Amino acid sequence: MKIFIDTANVEEIKEASDYGLIDGVTTNPSLIMKANKDGKSFKNIVSEILKTVNGPVSLEVVSENSNEMIEQAVKLHNLGDNAVVKIPMTLEGLKAMKTLKKKEIPVNTTLIFNPLQALLAAKNGAMFVSPFVGRLDDIGEDGMAIINQIKAIYTNYNIKTEVLVASVRNPVHVLRAALMGADAVTIPYDVIKKLALHPKTDEGLSKFMSDWKKVSPDGTLPL
Ligand code: E4P
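Draft legend 1. Here's a closer look at helix 8 (residues 145-156). Taking 1.5 Å as the rise per residue, helix 8 with twelve residues should run 16 Å; its terminal C-alpha atoms sit 17 Å apart, in good agreement. Where helix 8 is concerned, the buried positions are I146, I147, I150, I153 and Y154. Taken end-on, helix 8 shows its buried residues confined to a sector of 130 degrees, consistent with a single buried face. Of the residues in helix 8, the exposed ones pointing more than 90 degrees away from the buried face are T155 and N156. For helix 8, the secondary structure elements touched by its buried residues are strand 5 (107-112), helix 6 (115-123), strand 6 (128-131), helix 7 (133-138), strand 7 (162-165) and helix 9 (171-180).

Below, the structure written as structure tokens:
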């Protein structure tokens, strides 16, 4: 399962990349707004992200009109070979996707909330679909349930579009995504760190370190 980081914060992307965990990045206008708080321009933020990561970096269009989406998508994709364009799952978005498919511009269809939306996006050539599981949980639904449904539909028709689980809020989302065979998950930095941690790991390590001091009082490995 590919792990993407869901942020536009370059420091977070660099730190997570140092752990060797990051296969790509997803951004959206709200995440760009947070990264832009210190005055960094959109272009600077995005260029730095594209340089930092080898894998796909999703950058979102900011129009609800298909012609404008296409125009913006071309500009965004020109920023880097690894730039994937996020198109919202609307009728206008579908129209834009049809053209972007012809232009061979990779698309991540965003704001997916049911499996039929994922089917339509795949038919229009999306490279990724992003079902927002956390936002479904927020309204009392089981967000992860649609991942199974999308996977089943894609398997039925041998669809190659990748299921990118989005709006992830906790490690249980990630666990369930892996058990369901999601292709990718995009995860906020604080949740990525939580995946690696366990109190019994810390407790075990602390005991090993204190026992080792009984063997080697300065804690070194005497070799
Ligand atoms: C997906 O690509 C979005 O950037 C993101 O996962 C949305 O998450 P949120 O619901 O926590 O804002």
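Draft legend 2. Layout of the packing of helix 1 (residues 10-18) against helix 3 (residues 42-52). Helix 3 packs onto helix 1 with a crossing angle of 5 degrees between their chain directions and a minimal axis gap of 10 Å. For the element pair helix 1 / helix 3, the angle class is roughly parallel. When helix 1 is examined against helix 3, the residues V10, I13 and K14 are found in contact with a partner set consisting of I45, E48, I49 and T52. Across the contact of helix 1 with helix 3, the residue classes tally to four nonpolar, one polar and two charged.

Draft legend 3. Region of the structure containing the nonpolar core. Core analysis: the biggest nonpolar cluster contains 59 residues, and I147 and V165 have the highest contact counts within it. Considering each element in turn, this core owes the most residues, five residues, to helix 8. If sequence neighbours within four positions are ignored, I147 has contacts with P131, V133, V163, V165, M180 and A182. Counting five residues, the second largest nonpolar core, distinct from the first, contains F4, V84, F128 and A184.

Draft legend 4. A look at the side chain of N28. Of note, N28 is situated in the loop between strand 2 (24-26) and helix 2 (29-35). Those residues in contact with N28 that lie beyond four places of it in its chain are E60 and K86.

Draft legend 5. Spotlight on the packing of helix 4 (residues 66-78) against helix 5 (residues 91-102). The geometry of helix 4 relative to helix 5 is characterised by a closest axis approach of 8 Å and an angle of 45 degrees between their N-to-C directions. Considering the angle they form, helix 4 stands oblique to helix 5. The way helix 4 lies across helix 5 gives a crossing that is right-handed. Contacts from S66, M69, I70 and A73 in helix 4 reach E92, G93, K95, A96, T99 and L100 in helix 5. Grouping the constituent residues of the contact of helix 4 with helix 5 by class yields five nonpolar, three polar and two charged.

Draft legend 6. Looking closely at the environment of P131. Here P131 shows up in strand 6. The class of P131 is buried, set by a relative accessible area of 0%. Between the C-alpha atom of P131 and that of A118, which follows or precedes it by 13 residues, the distance is 7.9 Å. Not counting residues within four places of it along the chain, the set of residues in contact with P131 comprises I112, I146, I147, I150, V163, L164, V165 and A166.

Draft legend 7. Molecular detail of the site of the ligand. As a structural note, the neighbourhood of the ligand is formed by D6, T26, N28, L31, K86, F132, R135, A166, S167 and R169. Within the side chain of S167, one N or O atom sits 2.7 Å away from an oxygen atom of the ligand. R169 is positioned with one of its side-chain polar atoms (N or O) 2.9 Å from an oxygen atom of the ligand. Protein coverage of the free-state accessible area of the ligand, which is 340 Å², stands at 86%. Of the residues belonging to the shell around the ligand, the class tally is three nonpolar, three polar and four charged.

Thresholds, definitions, all that
- Residues numbered from 1 in each chain as written.
- Predicted model: local features only at pLDDT ≥ 70, side-chain atom pairs only at ≥ 80, totals over all residues.
- Heavy atoms only, no water.
- Helix = DSSP H or I, 4+ residues; strand = E, 2+ residues; numbered from the N terminus.
- Expected span 1.5 Å × (residues − 1).
- Buried < 20%, exposed > 50% of the residue type's maximum accessible area, 1.4 Å probe, protein only.
- Arc of directions from axis to C-beta.
- Contact = heavy atoms within 4.5 Å.
- Axes fitted to C-alpha atoms, helices over the stretch in contact; angles between N-to-C directions.
- Parallel < 35°, antiparallel > 145°, perpendicular 65-115°, else oblique.
- Nonpolar A, V, L, I, M, F, W, Y, C, P; charged D, E, K, R; others polar.
- Core = buried A, V, L, I, M, F, W, Y, C linked by side-chain atoms within 4.5 Å.
- Left-handed = near helix turned anticlockwise from the far one by under 90°.
- Near = heavy atom within 4 Å.
- Polar contact = N/O pair within 3.5 Å; in protein donor to acceptor, adjacent residues only side chain to side chain.
- Areas by Shrake-Rupley, 256 points an atom, 1.4 Å probe, with all protein chains shown as cover.

Read these as spatial facts, not as claims about activity.
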